[in-house]
Amino acid sequence: LDNTCFMLYGLLIMILGHVAKNYDRRLDKAALREGFGLALDEANFFVDGPIAVAITKTQLATLDGNGKHYKNQDSGFCAVQGNIYNRAEVAKHATEEMPADAGDAGLLHHLCGANACHRFATLNGNFAAACWDAKHHRLILLRDHLGIEPLYYVENNHDVLFSTSLKALMRHRSLRREIDPVVLYRYLLFNYNPTSDTFIKNIKKERYILLCVCCA
């Protein structure tokens, strides 16, 4: 089947991934598994040229079926942590008909592929998502307006690494785990961190806006 949609229950899930800005680079499951140093579930891998994404369970229990992913053989895939509460309302304005079982992940994937990213502002829920638009060679990372679900990323000239878990992202072998003294100073000064930077140098926390990574 070209279109598949699944849901995970019981344990809280996390999304992690690696995208190369050079479209000619090819990533695989082994690189993602070795980079993050995690025993990732084979069934929940998505690899397409310069991008590799995995959804894996944590050891934290949840009553919410908050791990969803959608894959289309031709147009890419989307992984979502959390829930979208007004999916039906937003779907009414879709420019193309979506499969009935598309769910939250299918809706976000459709909005990315249909160049309807402006409709992200109308979404209501608690979610973080990674959507790969294969037709336009771009990855879109986004989270809810209030920032309930976390989404972290680190970027350099060649790659972008991201995860909904700061702990998992810090485990990547290419990163140097160093405290950022500037962020620490801001926290001590204001009693909170007013920027998207984290206490770990070079790792940023995505806010309510979206991050688009284009692979050329």
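For the structure itself, look to the data block above.
All figures in this text were calculated on a predicted structure; none of them were measured in a lab.

About the criteria used
Residues numbered from 1 in each chain as written. Predicted model: local features only at pLDDT ≥ 70, side-chain atom pairs only at ≥ 80, totals over all residues. Heavy atoms only, no water. Helix = DSSP H or I, 4+ residues; strand = E, 2+ residues; numbered from the N terminus. Buried < 20%, exposed > 50% of the residue type's maximum accessible area, 1.4 Å probe, protein only. Contact = heavy atoms within 4.5 Å. Areas by Shrake-Rupley, 256 points an atom, 1.4 Å probe, with all protein chains shown as cover. Patch = residues over 30% accessible without salt bridge, like charges linked within 9 Å, V, L, I, M, F, W, Y side chains within 5 Å. Salt bridge = Lys/Arg side-chain N within 4 Å of Asp/Glu carboxyl O. Core = buried A, V, L, I, M, F, W, Y, C linked by side-chain atoms within 4.5 Å. Arc of directions from axis to C-beta. Polar contact = N/O pair within 3.5 Å; in protein donor to acceptor, adjacent residues only side chain to side chain.

A. How the structure looks around the overall build of the protein chain. Looking only at helices and strands, one finds 5 helices and 10 strands in the protein chain. Within the protein chain, the proportion of its 216 residues that are buried is 48%. A fraction of 59% describes how many contacts in the protein chain between residues 6 or more apart in sequence connect residues 24 or more apart. Accessible area of the protein chain: about 11200 Å², with a carbon and sulfur share of 52%.

B. View of a nonpolar patch on the surface. Judged by side-chain polarity, I179, L184, Y185, Y187, L188, L189, F190, Y192 and F199 come together as a nonpolar surface patch covering roughly 940 Å² of accessible area. Here L189 falls in the exposed class, since its relative accessible area comes to 51%.

C. Local environment of the nonpolar core. By size, the foremost hydrophobic cluster in this structure holds 22 residues, and its most contacted members are I15, V19, I51, W132, L139, L141 and F162. When residues of this core are traced back to their parent elements, those giving at least two are β1 (3-20), β3 (51-72), β4 (76-84), β5 (125-133), β6 (138-143), β8 (159-163) and β10 (211-214). Formed by 18 residues, the second largest nonpolar core is a distinct cluster that contains A105, L107, L108 and C131.

D. Summary view of the pattern of salt bridges. Overall, the coordinates contain 9 salt bridges when judged by the stated rule. Close ionic contact of K201 with E178 constitutes a salt bridge, the shortest N to O distance being 3.6 Å. You can see K201 sitting in the loop between α5 (181-190) and β9 (204-205) and its partner E178 sitting in the loop between α4 (166-170) and α5, a full 23 residues away along the chain. Under the relative-accessibility criterion, E178 is labelled partly exposed at 26%. Overlapping salt bridges bring together K68, R87 and D104 as one network.

E. How the structure looks around helix α1 (residues 29-36). Residues of α1 that are buried include every one of L32, G35 and F36, and no others. End-on, the buried residues of α1 take up no more than an arc of 80°, which puts them together on one face. Capping of α1 at its N-terminal end is provided by D28; its side-chain oxygen lies 3.4 Å from the backbone amide nitrogen of A30. Following α1 by one or two positions, G37 has its phi on the positive side, about 65°.

F. A look at unusual backbone geometry. Of note, H137 is a non-glycine position whose phi angle comes to about 55°, a positive value. Here H137 lies in the loop between β5 and β6. Look at H137 and you get partly exposed, because its relative accessible area is 27%. Positive phi, close to 70°, is recorded for N191, a residue that is not glycine. With relative accessibility at 62%, the residue N191 sits in the exposed group.

G. Broad picture of helix α3 (residues 103-113). Counted residue by residue, α3 has 9 buried out of 11 residues, so it is predominantly covered. Taken together, the buried positions of α3 are occupied by D104, A105, G106, L107, L108, H109, H110, L111 and C112.

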